[in-house]
Amino acid sequence: MMKKLFPLIFALPILFGSCGKSKIPEGEITYDITYPYMEVTGLMSAILPKEMTITFKGTKMKTTISRGHIFETNVITDEADESIEMRLDFGDKKYYCVLTKEEVAELKNSQPEYTINKTEDQDSLSGMWCTKYKVEGSGENQPDDAWFTDDLSVEKGAWFSAYHSVSGMPVIYDVERYGLMMHVVANNFIQREVKEDEF
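Analysis parameters
Residues numbered from 1 in each chain as written. Predicted model: local features only at pLDDT ≥ 70, side-chain atom pairs only at ≥ 80, totals over all residues. Heavy atoms only, no water. Helix = DSSP H or I, 4+ residues; strand = E, 2+ residues; numbered from the N terminus. Buried < 20%, exposed > 50% of the residue type's maximum accessible area, 1.4 Å probe, protein only. Contact = heavy atoms within 4.5 Å. Phe/Tyr/Trp six-rings, centres within 6.5 Å; stacked < 30°, edge-to-face > 60°. Pairing = 2+ DSSP bridges. Axes fitted to C-alpha atoms, helices over the stretch in contact; angles between N-to-C directions. Polar contact = N/O pair within 3.5 Å; in protein donor to acceptor, adjacent residues only side chain to side chain.

Peer 1: Explain the environment of Ser 66 here, please?
Peer 2: With respect to the helices and strands, Ser 66 occurs in strand 3 (residues 60-67). According to the relative accessible area criterion, Ser 66 is partly exposed, its value standing at 29%. A C-alpha to C-alpha distance of 9.1 Å links Ser 66 and Asp 89, two positions 23 residues apart in sequence. Ser 66 has contacts with Pro 49, Glu 51, Phe 71 and Glu 72, leaving out every residue within four places of it along the chain.

Structure representation (structure tokens):
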């Protein structure tokens, strides 16, 4: 009897080891945006966005940043083929473009260079299990620590940014472009059905 059980006993670690945690295939994350190195008052307060939403399904993401009725920007990305599509709704004017492979490469190469180190710190943020990364920049204004989650189907949600080496979806991170630093923090996550026409 024991001889018959030996193969099963040895197989158990393989069976349980192959049963990894299932990824959440689709949903929506809402983020707060602040500007740590800038005093936002007056006209800038009225123009600069304070919220961002990422809708995802599989390998596709739509990032939406808007400011009331002034403007809305949608960036649709797909890590599977590294494609980027941009849409800008500026009042009565609408702009649309699909970046070429060369333009995508130029965008990636124009990102600030960060030294990013994974830590042992983990925590639950907005309903997602996250890992902390120490981030150091080369400029005067230093980025804060970043937190990423591997709970979602997106394997590299920041593949086109300064965090291209980090796996998972950003939950807390900084976006630095043209001398402006945005601190982005997830405040809500909902798992929901995302239809193809949302992209």
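Peer 1: Hey, could you run me through the packing of aromatic side chains in this one?
Peer 2: This structure, assessed with the given rule, holds seven aromatic pairs. Look at Tyr 133 and Phe 148: their rings are 5.8 Å apart centre to centre, the planes differ by 75°, and that puts the pair in the edge-to-face class. Here Tyr 133 is found in strand 8 (residues 128-136), whereas its partner Phe 148 is found in strand 9 (residues 146-149), with 15 residues between them in sequence. Both residues of the pair, Tyr 133 and Phe 148, count as buried. Between Tyr 163 and Tyr 173, the ring centres sit 5.8 Å apart and the planes meet at 85°, which makes this aromatic pair edge-to-face. One end of the pair, Tyr 163, is in the loop between strand 9 and strand 10 (169-177); the other, Tyr 173, is in strand 10, with ten residues separating them in the sequence. The same class applies to Tyr 163 as to Tyr 173, namely buried. One aromatic cluster in this structure is built from Tyr 31, Tyr 114, Tyr 133, Phe 148, Tyr 163 and Tyr 173.

Peer 1: Got a minute to help me understand the sheet that holds strand 11 (residues 180-190) in this structure?
Peer 2: Backbone hydrogen bonds are what pair the strands of a sheet, in a parallel or an antiparallel way. Overall, antiparallel pairing links the eleven strands, which are arranged 6-5-4-3-2-1-11-10-9-8-7 in an open sheet. Each edge of the sheet is formed by a strand with only one pairing partner; in this case those strands are strand 6 (93-98) and strand 7 (115-125). Neighbour-to-neighbour, the strand axes of the sheet open up by a mean angle of 25°, direction not taken into account. Note that strand 1 (residues 26-34) and strand 2 (residues 51-57) share seven bridges and pair antiparallel. Across the sheet, the residue bridging to Ile 29 is Ile 54, located in strand 2.

Peer 1: What should I look at first to understand the side chain of Gln 111 in this one?
Peer 2: The residue Gln 111 is located in the loop between helix 3 (101-109) and strand 7 in this model. Looking at Gln 111, the relative accessible area reads 14%, which means it is buried. One polar contact links the side chain of Gln 111 to the main-chain carbonyl oxygen of Leu 107, over a distance of 3.1 Å. The residues touching Gln 111, leaving out its near neighbours within four places in the chain, are Phe 160, Ser 161, Ala 162 and Arg 177.

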